[in-house]
Amino acid sequence: MNTHDTYAISFRGLSVGIHNFQWIIDEKFFEENDYSGITGADISVELVLEKTERHMKLDFDVFGELIIPCDRCLAPLSVEIDTQHSLIIKESDDDEIDDDDLLIISRSEYQLLIAPWIREMILLSLPMKNVHDDGDCDAEMIKKLEEMSDSGETISFEQ
Ligand SMILES: [Zn+2]
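What counts as what
Residues numbered from 1 in each chain as written. Predicted model: local features only at pLDDT ≥ 70, side-chain atom pairs only at ≥ 80, totals over all residues. Helix = DSSP H or I, 4+ residues; strand = E, 2+ residues; numbered from the N terminus. Buried ≥ 20, exposed ≤ 12 C-beta atoms within 10 Å, placed from the backbone. Contact = placed C-beta atoms within 7 Å. Pairing = 2+ DSSP bridges. Axes fitted to C-alpha atoms, helices over the stretch in contact; angles between N-to-C directions. Core = buried A, V, L, I, M, F, W, Y, C linked by C-beta atoms within 7 Å. pLDDT = per-residue confidence, 0-100.

Digging into the overall build of the chain
Part 1 of the reasoning: For the chain, the count of helices and strands is four helices and seven strands.
Part 2 of the reasoning: Counted from the first residue to the last, the chain has its helices and strands arranged as α-β-β-α-β-β-β-β-β-α-α.
Part 3 of the reasoning: For the chain, the residues scored as buried account for 14% of the 159 residues in total.
Part 4 of the reasoning: Considering only residue pairs separated by 6 or more positions, the chain has 57% of its internal contacts joining residues 24 or more positions apart.

Have a look at this one:
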């Protein structure tokens, strides 16, 4: 079974009403999606999908922990993930509609591929800078990085 099967919703078969989905994401999810910087993940993705006659409304709740390299010392750093996102999906042959939270799909589609959305939601929720608290960085690693620096300049600790 590959990621796309696990994270696909065949929406044509869903009845009108509320449907709940949940996935647990680990680091393999990012390996399969070509994002190698992430060495650990334990993230819960909860989706409430409301289907009506006119549209589908998707409410994602994504929370958990991600392990990524610290921007300063490269040692593993735990980052808390807690993000929500809503999306409306409508069927239309009118592609003039332009709205970030509105997705238009054609009448021939039958599956929602969730994996790319999950990946994007998690990565977009990361802060611009991911570093350990002051003093918690790997001091030896920083020393090595400084030595490796070709120019001989020390690495700036400025935010
Ligand atoms: Zn660090």
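Quick notes on the pairing of strand β5 (residues 76–91)
Part 1 of the reasoning: When strand β4 (residues 55–69) meets β5, the two strands line up antiparallel, connected through 15 bridges. What sits directly across from Glu 65, in β5, is Glu 80.
Part 2 of the reasoning: Two successive antiparallel strands, β4 and β5, enclose a turn made up of six residues, where Leu 74 displays a positive phi of approximately 70°.
Part 3 of the reasoning: The pairing of β5 with strand β6 (residues 102–105) spans four bridges and is classified as parallel. Bridging across to β6, Ile 88 finds its partner in Leu 102.

Looking at the sheet that holds strand β2 (residues 17–26)
Part 1 of the reasoning: Read across the sheet, five strands follow the order β2-β3-β4-β5-β6 without closing on themselves; strand pairing throughout is mixed. The open sheet has two edge strands, β2 and β6, and neither has a second partner. With strand direction ignored, the average angle separating the axes of adjacent strands in the sheet is 20°.

A short note on the nonpolar core
Part 1 of the reasoning: Formed by 18 residues in total, the largest nonpolar core has its most connected members in Ile 25, Ala 41, Ile 43, Val 45, Leu 66, Ile 118 and Ile 122.
Part 2 of the reasoning: Among the elements of the structure, α2 (27–32), β3 (40–51), β4 and α3 (115–125) are those that each provide at least two residues to this core.
Part 3 of the reasoning: Ranked by the residues each element gives to this core, the list is headed by β3, at five residues.
Part 4 of the reasoning: The residues contacting Ala 41, other than those within four sequence positions of it, are Ile 25, Asp 26, Glu 27, Phe 29, Phe 30, Leu 66 and Ile 67.

Quick word on the environment of Ile 67
Part 1 of the reasoning: In this fold, Ile 67 is placed in strand β4.
Part 2 of the reasoning: Along the chain, Ile 67 and Thr 39 lie 28 residues apart, while their C-alpha atoms are 5.6 Å from each other.
Part 3 of the reasoning: Filtering out sequence-adjacent residues up to four positions away, Ile 67 remains in contact with Ile 38, Thr 39, Gly 40, Ala 41, Pro 76, Leu 77 and Ser 78.

Section: the confidence of the model for the chain
Part 1 of the reasoning: Predicted confidence across the chain gives a mean pLDDT of 86, with 84% of residues reaching 70 or more.
Part 2 of the reasoning: Here helix α1 (residues 3–6) stands out as the least confident element of the chain, with mean pLDDT 61; β3 is the most confident, with 97.

What about unusual backbone geometry?
Excluding glycine, most residues fall at negative phi; most peptide bonds, likewise, are trans.
Part 1 of the reasoning: The phi torsion at Leu 74 lies on the positive side, around 70°, for a residue other than glycine.
Part 2 of the reasoning: Mapped onto the elements of the fold, Leu 74 is located in the loop between β4 and β5.

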